[in-house]
Amino acid sequence: MQSSYSHSDSRRGSSSGHSSVHGAAGRTSAGHTSFGPRTPHPAQRHERHSPQGGRNPASRGGGARAKQFIHPSRFIQEAKTVEKAEYVPVNAFEDFAVHKKILDNVRLKGFLKPSPIQDQTIPLVLQGKDVVGIANTGTGKTAAFAIPMLHDLITNMDHRAIIMAPTRELAEQILQECFTFGKGCGLRSALLIGGASMHLQKRDLRYNPRIVVGTPGRIQDHVRQGTLLLPFFNFAVLDEVDRMLDMGFINDIGDILSKISKDRQSLFFSATMEPKIEKLIQKFSRDPVTVSVKEGATVDNVSQNVVYYSGSNDKMDKLHDLLIGAECSKTIIFDDTKRAVERLGRELNARGFKVDEIHGDKSQAQRSRAIKRLKADEINILVATDVAARGIDVSDITHVINYSTPNTYDDYCHRIGRTARAGKSGIALTFLPR
Ligand code: AMP
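Rules used throughout
Residues numbered from 1 in each chain as written. Predicted model: local features only at pLDDT ≥ 70, side-chain atom pairs only at ≥ 80, totals over all residues. Heavy atoms only, no water. Axes fitted to C-alpha atoms, helices over the stretch in contact; angles between N-to-C directions. Helix = DSSP H or I, 4+ residues; strand = E, 2+ residues; numbered from the N terminus. Parallel < 35°, antiparallel > 145°, perpendicular 65-115°, else oblique. Left-handed = near helix turned anticlockwise from the far one by under 90°. Contact = heavy atoms within 4.5 Å. Nonpolar A, V, L, I, M, F, W, Y, C, P; charged D, E, K, R; others polar. Buried < 20%, exposed > 50% of the residue type's maximum accessible area, 1.4 Å probe, protein only. Salt bridge = Lys/Arg side-chain N within 4 Å of Asp/Glu carboxyl O. Pairing = 2+ DSSP bridges.

Draft legend 1. Layout of the packing of helix α7 (residues 168-181) against helix α15 (residues 364-375). Interaxial distance between α7 and α15 falls to 11 Å at its minimum, and their mutual angle equals 60°. For the element pair α7 / α15, the angle class is oblique. Between α7 and α15 lies a crossing whose hand is right-handed. Counted together, R168, E169 and E172 of α7 and Q364, R367, S368 and I371 of α15 form the full contact between these two elements. A per-class count over the contact of α7 with α15 returns 1 nonpolar, 2 polar and 4 charged.

Structure (structure tokens):
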């Protein structure tokens with residue numbers, strides 16, 4: 001097994017290690033140290049202007065906001081205690097005809113058996129089919145595409161994969177999973193996200209990465225500057241398509257897909273299927289097979305309730321009481337605006353809680369660090385805006401607190417989907433004025 005970096009394509013003969021799939025630590029740290037002055041990222045732009053983030057008064061310093069009316073009863077639901085029949089996968093990981101190194105890495109990661117989306121998607125992708133996966137976050141969809149994709153790349157030296165995701169965080173997480181499953185396979189990669197140095201990304205691209213993961217806006221920046229040549233890519237993955245369209249990436253995505261090699265395999269993952277998503281898929285796929293594991297929605301495992309407050313002092317006191325409760329061991333608190341998130345973070349910090357904040361005005365390095373600290377138990381409370389929190393995959397979040405109500409019910413589901421991940425249970429509490 002290769003233990004040091006070397007590109008599998010010896011023609012390029014590189015030996016620098018920072019962007020190899022089996023050089024996870026190096027790549028990540030390189031990425032983080034490289035984060036330079038920020039350019040606004042589409043996700044951030046969205047936070048200011050889009051229907052969901054835009055109504056969010058972030059850029060208006062907390063002005064009026066058009067929120068969808070959500071009846072309080074929709075915030076109350078017992079976690080479904082009905083034991084769902086445990087899914088019995090048709091395949092064991094060992095049954096998949098993928099490179100042994102990948103299977104070793106899956107085992108090392110501790111995955112014992114495929115999740116439903118993995119069980120049903122991996123064989124199809126290995127057959128070369130285009131696949132549409134209807135799956136919520138937390139169902140294991142990343143491995144569902146990463147495992148067969150990595151196998152394809154190892155098997156076909158002329159193949160290159162491009163993965164698009166709505167947020168920087170999700171893009172980073174996807175790359176991290178590719179590192180994990182592709183360890184020792186010698187596949188070079190590049191992470192193209194906003195808030196990070198274009199210069200260093202250009203350097204990574206000069207090494208001809210086999211895997212590019214990025215957000216559509218930054219991918220487009222590179223395409224426009226001629227630093228990313230899309231016709232060489234023949235494996236495309238679009239993760240969280242519904243979110244990407246919500247965030248206004250439709251034109252970027254269409255543009256990117258139309259420039260990728262026509263002779264390609266395409267995978268689309270989305271939690272919902274709307275006409276505009278269907279249209280996009282129809283236009284850019286070839287006889288796709290749809291796999292749906294939507295039943296088992298993550299929110300079913302979440303015990304949901306409301307907390308009524310009268311006035312801001314009472315609101316803060318109630319939050320404080322909740323947070324000192326023994327069962328509240330890892331919490332994400334959502335608030336409306338960047339300013340509100342900052343204020344709440346400061347207040348909780350002053351009260352002695354171990355807290356960090358993420359929102360669109362934080363640099364990518366700060367956002368990544370906050371998530372790392374949460375994962376490492378250095379903090380146990382993260383205060384966030386909707387946009388910044390998308391794609392956070394921290395498996396042991398016990399509570400999601402909506403300190404302010406979400407803009408839409410869809411946002412609500414997305415927020416509370418941060419808890420009860422990977423089959424665990426979780427609690428979601430929504431603060432409402434009396
Ligand atoms: P994803 O939906 O890809 O974000 O995955 C959600 C979480 O489930 C991640 O923490 C994964 O590491 C975990 N996970 C994915 N597949 C499996 C599996 N087959 N067995 C155990 N955990 C898994």
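Draft legend 2. Inspection of helix α11 (residues 250-259) at higher detail. Every buried residue of α11 is accounted for by D252, I253, G254, I256 and L257. Against the buried residues of α11 lie β2 (161-164), α9 (216-224), β5 (235-238), α10 (241-246), β6 (265-270) and α12 (275-284).

Draft legend 3. Region of interest: the pattern of salt bridges. Per the counting criterion, the structure on display carries 24 salt bridges. Residue K141 pairs with E240 through a salt bridge whose shortest N-O separation is 3.7 Å. With a gap of 99 residues between them, K141 in helix α6 (residues 141-155) and E240 in the loop between β5 and α10 connect regions that are remote in the sequence. Here the two residues K141 and E240 agree in accessibility, since each one is buried. Here R224 and D221 are joined by a salt bridge, their closest N and O atoms 3.8 Å apart. One end of the pair, R224, and the other, D221, are both in helix α9, 3 residues apart, so they sit about a helical turn from each other. Take D221: its relative accessible area is 30%, and that puts it in the partly exposed class. Linked through salt bridges whose partners overlap, the residues forming this network are E94, K100, D104 and R107.

Draft legend 4. Quick look at the sheet that holds strand β9 (residues 331-334). One open sheet holds the 6 strands; their spatial order is β8-β13-β12-β9-β11-β10, and the pairing between them is parallel. Because the sheet does not close on itself, it has two edges, and the strands there are β8 (302-309) and β10 (355-358). Taking each pair of neighbouring strands and ignoring which way they run, the sheet shows an average axis angle of 20°. Note: β10 against strand β11 (residues 381-384), 4 bridges, orientation parallel. Along β11, the bridge assignment pairs I358 with A384. In this fold helix α14 (residues 338-350) packs onto β9, β10 and β11, with an angle of close to 175° to the strand it touches most, β10. Contacts from helix α17 (residues 409-416) reach β8, β9, β12 (399-402) and β13 (426-433), with the element oriented near 150° to β12.

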